[in-house]
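So you can see what is in the structure, the chains are spelled out below.
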Amino acid sequence: QVQLVESGGGLVQAGGSLRLSCAASGSAFSLNVMAWYRQAPGKQREWVGTITNSGLKNYADAVKGRFTISRDTAENTLYLQMNSLKPEDTAVYYCNALIGGRWYRSDFDSWGQGTQVTVSS
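What you see is a predicted model; the values in this text were computed from it and never measured. (Residues numbered from 1 in each chain as written. Predicted model: local features only at pLDDT ≥ 70, side-chain atom pairs only at ≥ 80, totals over all residues. Heavy atoms only, no water.)

Engineer: Could you clarify how one ought to interpret the pattern of salt bridges in this entry?
Structural biologist: One side chain can pair with another of opposite charge once the charged atoms of both are near each other. This model, assessed by the stated rule, comprises 6 salt bridges. For the salt bridge of R38 with E46, the shortest nitrogen-to-oxygen distance reads 2.7 Å. Owing to a relative accessible area of 5%, R38 belongs among the buried residues under this scheme. Judged by relative accessible area, which is 35%, E46 ranks as partly exposed. One salt bridge in this structure joins D89 and R66, with 2.7 Å as the shortest N-O distance. Separated by 23 residues along the polypeptide, D89 in the loop between β8 (77-82) and β9 (91-99) and R66 in the loop between β6 (57-59) and β7 (67-72) bring together distant segments of the chain. Here D89 and R66 have matching classes, each one buried. Taken together, the shared-partner salt bridges connect R38, E46, R66 and D89 into one network. (Salt bridge = Lys/Arg side-chain N within 4 Å of Asp/Glu carboxyl O. Buried < 20%, exposed > 50% of the residue type's maximum accessible area, 1.4 Å probe, protein only. Helix = DSSP H or I, 4+ residues; strand = E, 2+ residues; numbered from the N terminus.)

Engineer: Even after reading the chapter, I still don't get the pairing of strand β11 (residues 115-120), so can you show me in this structure?
Structural biologist: Along a regular strand, successive side chains alternate from one face of the sheet to the other. Only one face of β11 is buried, namely the one carrying T115, V117 and V119, since none of Q116, T118 and S120 on the opposite face is buried. Inspection of the sheet shows strand β2 (residues 10-13) paired to β11 by 4 bridges, in the parallel sense. For G10, the partnering residue across the bridge sits in β11 and is V117. One ladder, built from 3 bridges, connects β9 with β11; its direction is antiparallel. (Pairing = 2+ DSSP bridges.)

Engineer: How should unusual backbone geometry be read in this particular structure?
Structural biologist: Glycine aside, negative phi is the norm for most residues, and most peptide bonds take the trans geometry. The residue N76 is not glycine, and still its phi comes out positive at about 50°. Summarising the element assignment, N76 is placed in the loop between β7 and β8. In this structure, S84 is a non-glycine residue whose phi angle is positive, near 50°. Mapped onto the secondary structure, S84 falls in the loop between β8 and β9.

This is the structure we're talking about:
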């Protein structure tokens with residue numbers, strides 16, 4: 001039974017920072033590709049960034065240079081360090097995992113509550 005639980009969101013002013021966490025259970029954490037997504041009000045969900053099994057990281061252009069993905073295998077936790085936050089970063093943030101060739105959360109699934117990030121101007 002795989003579970004992904006996001007946390008760490010909050011309200012910050014533009015230019016501030018937050019670190020989001022995604023606690024994973026029920027799988028070999030280090031063997032999975034992990035990803036962050038977000039969904040802003042009135043917009044569709046979009047990909048934010050990915051970390052592969054080997055540690056390779058990729059980011060959406062909108063967050064490149066400001067956001068950093070990392071993982072802590074001892075804690076089975078994925079992180080998203082967000083710096084220089086902008087109002088347009090306001091969204092519900094979700095994590096996802098590629099397990100056995102399938103994404104834990106698909107385009108047709110409910111992605112749960114996520115964690116809310118609100119950036120004020």
